[in-house]
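Examination of the molecular architecture
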Amino acid sequence: MPRQILLGDEAVALGAVHAGLSAAYSYPGTPASEVLEYLVRQAGETKAFTAVWSVNEKTAYEEALGASFAGKRSLVSFKHVGLNVAADPFMNSAITGANGGFLVVSADDPGMHSSQNEQDSRYYVQFAQIPGYEPSDHQEAYDMAREAFDVSERFGLPVLMRLVTRLSHSRSAVETRDARAPNELKKGAGQDWILLPVNARRRFGRLLDLQAEMTRFSEESRFNLLQLNDKDRSFGVIASGIAYNYFREAVAADSAPPSFLKVSTYPLPERLIRELVGHVGTILVLEDGYPFIERQLKGLFGIAGKTVLGKMSGPLPASGELTPDIVRRALGREPLASLPASGLPLAGRPPQLCAGCPHADSFKALNKALEGVTGSNVFSDIGCYTLGALPPYNAIHSCVCMGASISMARGASDVGLYPAVSVIGDSTFAHSGLTPLLSAAKANTDMTVIILDNATTAMTGGQPTYGSGPGLLRLVEGLGVAKEHIRTIEPLPKHHDKNVQIIKDEIAHRGLSVVVAVRECVQEQRKKRS
Amino acid sequence: MKQDIILAGVGGQGILSIAYVIDHAALADGLFFKQAEVHGMAQRGGAVQSHMRLSDGTIWSDLIPKGGADMVLSVEPLEALRYLDYLRPDGIVVTSSTPFRNIPDYPEVDKVLEAIRKAPRSVIVDSENLAKEAGTVKAQNIVLLGAASSFLILKEASLVGTIEALFRGRGTPVLEANLKAFALGQKAALGS
Ligand code: SF4
């Protein structure tokens, strides 16, 4: 097969396609979006499977689980915090198990390039007690995705693949193999999938019984690699995922590199770890994300006679993304000679709203409407409009998780904060804004919700949205918001004064009101034109 | 044979298109490559960079270590400066002289260019005017690729072939403009 140029995300996606994928679901989020982007393009061309942008990650997870229940191979992908949204079905699917092969792709963002935290999905693998993969390069991403479906069917469990930004968004060439045919339909058995206590207890027992076999699977995996240096028994390295590359980069010129174990599968390959630890005195653990392996290795009391180094003790920073330079230093190697930095003070260039972005006009109007109002609280949400936090707007006071703007504004209003304003995008509203607005409508909470309807999921590159246009207005009304307090504005400079007045009026209304700012994202407009 | 390049610019300036051309040319030339890029928030007008690694042997890291880069190739002068310490001591800077001013505290351009010239090897091209001459100001990224082309370990025919494949679908005028942008960039670099 020829070599194909793929992003890490795309390599996983193509591996899944070649494993006989029947259905894939996702909600966009950096750095995972390109998994489903790729699948949507492929499905459009080949019609061989279904690929859907779901309304949120929980929905996506359940849709994929349903496809697995029906015996087909399915995939769900999201960014790490998306797995929080899907955590309920995720944890329970370890109990129901999977029928058709089921791959869960969770892309972590160490260093928080585009995220609110840098949580490590390997803890979820351990939490659910299912098998997990962590590729270090594109070829592995492809090969592991293919294999994961077989492993999922072998254990009757979902399998999680952990990616990190650096691999998700790196391109390289991948050798592909012939595709396998999709599965036939074959329903899951009710006694396994109905999680009444009587069934759930039995199924949980089965999950626990499988643990030893899962550890053996990990120990035997061709993706783990143990290499012992017989001449030097002082020092060895355990490196997982992308950190393995930085290790190999740093020792590339060595005639005999230190002993190392590359870890690519979970649960941890215990026997291999024992062999490495038995061979050397000091172990340096290199992993991008949390000190997941290091913490387990050390336990509470450490290993007698051994020194374990990593993020908890020693040379690696506890937060942020690993780099080849950090790993080089941790290995005690001199930095490479380089040109000095220019010395000129370099003005930072943070991201900002595009020129002509509708959100800019919405924030200008909101700021004007709140001018002179003391104690105003603008709760915001996740999307391009989060950039309203930066100058020149300085317009918002919170961004926590999808949908939190509405629920937090309600909580603040309940305890007396006024005015309580929520700013949320249309896609985020559909994702997690409906339920809090439903309860706020029931209570007629004294707050003003501004929905920025730019007709797309803009920040992640323009995926479809469920909560836009006339349908959005009907939704808001259907949730119980009084019709006379559902107002629309068109965020354009020429309407500024009118928009300010409408927002002012609705803030003055001591009950729930919703202002919908309707204007398409200029990037999407541009795409349609070209 | 290996070459490590830091591609730099501002979100929206087309550095991913430069990377696309280099990736495909590398594939055509039978080289290994890894190319780490930036998606998401920073693409909204922020500083973006891509680590581009080419080699005829195994490439381990997706990122280039500091001091490991053979070239900084930037569509914007201030952004070129940001990555000087990634260059090896005799590395080369290939950059546009056209500032992209979307921040209030953009330094004086002359000072920026002066600092770039302090690098032992630098090529500075007026990408804005060259792109205009080629037919579209949007082709500044391809002007820079042309300027860098003589220093790359890739075959020129592979680069030009990829540019053709990339722009063919967008109509003859766009394709011609980009091919001309490449040629003008190349000429300007050799004359500088
Ligand atoms: S992508 Fe669209 S919504 Fe996002 S900043 Fe640009 S114009 Fe605004």
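Residues numbered from 1 in each chain as written. Chains lettered and ligands numbered in written order. Predicted model: local features only at pLDDT ≥ 70, side-chain atom pairs only at ≥ 80, totals over all residues. Heavy atoms only, no water.

In this section: the overall build of chain A. When helices and strands are tallied, chain A shows 21 helices and 20 strands. Taken against the 2.2 N^0.38 rule, which gives 24 Å for 530 residues, the C-alpha radius of gyration of chain A at 25 Å falls within 12% of a compact globule. Across its three principal axes, chain A shows a C-alpha extent of roughly 80 × 65 × 50 Å. Here chain A, with 530 residues, has 60% of them falling under the buried criterion. Expressed as a percentage of contacts within chain A between residues at least 6 apart in sequence, the contacts between residues at least 24 apart total 79%. Total accessible area on chain A is roughly 20,600 Å²; 55% of this is exposed by carbon and sulfur atoms. Counting 53 positive and 55 negative side-chain charges, chain A places the centres of these two groups 1 Å from one another. (Helix = DSSP H or I, 4+ residues; strand = E, 2+ residues; numbered from the N terminus. Rg over C-alpha atoms; globule rule 2.2 N^0.38 Å. Buried < 20%, exposed > 50% of the residue type's maximum accessible area, 1.4 Å probe, protein only. Contact = heavy atoms within 4.5 Å. Areas by Shrake-Rupley, 256 points an atom, 1.4 Å probe, with all protein chains shown as cover. Lys, Arg positive; Asp, Glu negative; His and termini not counted. Charge placed at Lys NZ, Arg CZ, Asp CG, Glu CD.)

Interface size is often expressed as the accessible area that is lost when the parts come together. Per the domain assignment, the segments making up chain A are domain 1 (3-209), domain 2 (225-330) and domain 3 (358-529). One C-alpha centre belongs to domain 2 of chain A, the other to domain 3 of chain A, and the line joining them spans 48 Å. (Domains from an automatic or database assignment.)

Residue and element names in this part refer to chain A. Of all the seven residues making up strand E5 (residues 102-108), seven are buried; the element is thus mostly covered by neighbouring parts of the structure. Alternating residues of E5 divide into Phe102, Val104, Ser106 and Asp108 and Leu103, Val105 and Ala107, and every residue in both groups is buried. Taken together, the six bridges between strand E4 (residues 73-79) and E5 define a ladder with parallel strand orientation. Each residue of the ladder has a partner; that of Leu75, found in E5, is Leu103. Relative to strand E7 (residues 159-164), E5 runs parallel, the two sharing six bridges. Bridging across to E7, Val104 finds its partner in Leu160. (Pairing = 2+ DSSP bridges.)

This part is about the interface of chain A and chain B. Every contact between the two is made by 46 residues of chain A and, on the other side, 51 residues of chain B. Between chain A and chain B the total buried area reaches about 4,200 Å² when both faces are included, carbon and sulfur atoms providing 60% of it. Counting across the interface, chain A meets chain B through four salt bridges. A salt bridge links Arg349 of chain A to Glu76 of chain B; its shortest N-O distance comes to 3.2 Å. The tally of links from chain A across to chain B stands at 18 residue pairs in polar contact (both at pLDDT 80 or more). Elements represented by at least two residues in the side of chain A that touches chain B include exactly strand E1 (3-7), strand E8 (170-175), helix H12 (241-250) and helix H15 (324-330) of chain A. Classifying every residue of the side of chain A that touches chain B by side-chain character gives 23 nonpolar, 14 polar and nine charged. Sheet topology places E8 of chain A next to strand E2 (residues 32-36) of chain B; three bridges connect them, and they run antiparallel. When the sheet's bridge partners are listed, Arg171 of chain A is paired in E2 of chain B with Gln35 of chain B. (Buried area = accessible area lost by both parts, 1.4 Å probe. Salt bridge = Lys/Arg side-chain N within 4 Å of Asp/Glu carboxyl O. Polar contact = N/O pair within 3.5 Å; in protein donor to acceptor, adjacent residues only side chain to side chain. Nonpolar A, V, L, I, M, F, W, Y, C, P; charged D, E, K, R; others polar.)

Turning to the site of the ligand, a few remarks are in order. Neighbouring the ligand are the residues Leu353, Cys354, Cys357, His359, Cys384, Asn454, Ala458, Cys521, Val522 and Gln523 of chain A together with Arg44 of chain B. With respect to the ligand, the chains having nearby residues are chains A and B. Here the residues of the shell around the ligand sort into seven nonpolar, three polar and one charged. (Near = heavy atom within 4 Å.)

Let us look at helix H13 (residues 270-279) of chain A. All names here are of chain A. Along H13, the residues classified as buried are Leu272, Ile273, Leu276, Val277 and His279. Mapping the buried residues of H13 onto a view down its axis gives an arc of 165 degrees, with all of them on the same face. In this structure, the buried side of H13 is in contact with helix H11 (211-220), strand E9 (225-227), strand E10 (235-240), strand E11 (259-263), strand E13 (282-286) and helix H14 (292-298). (Arc of directions from axis to C-beta.)

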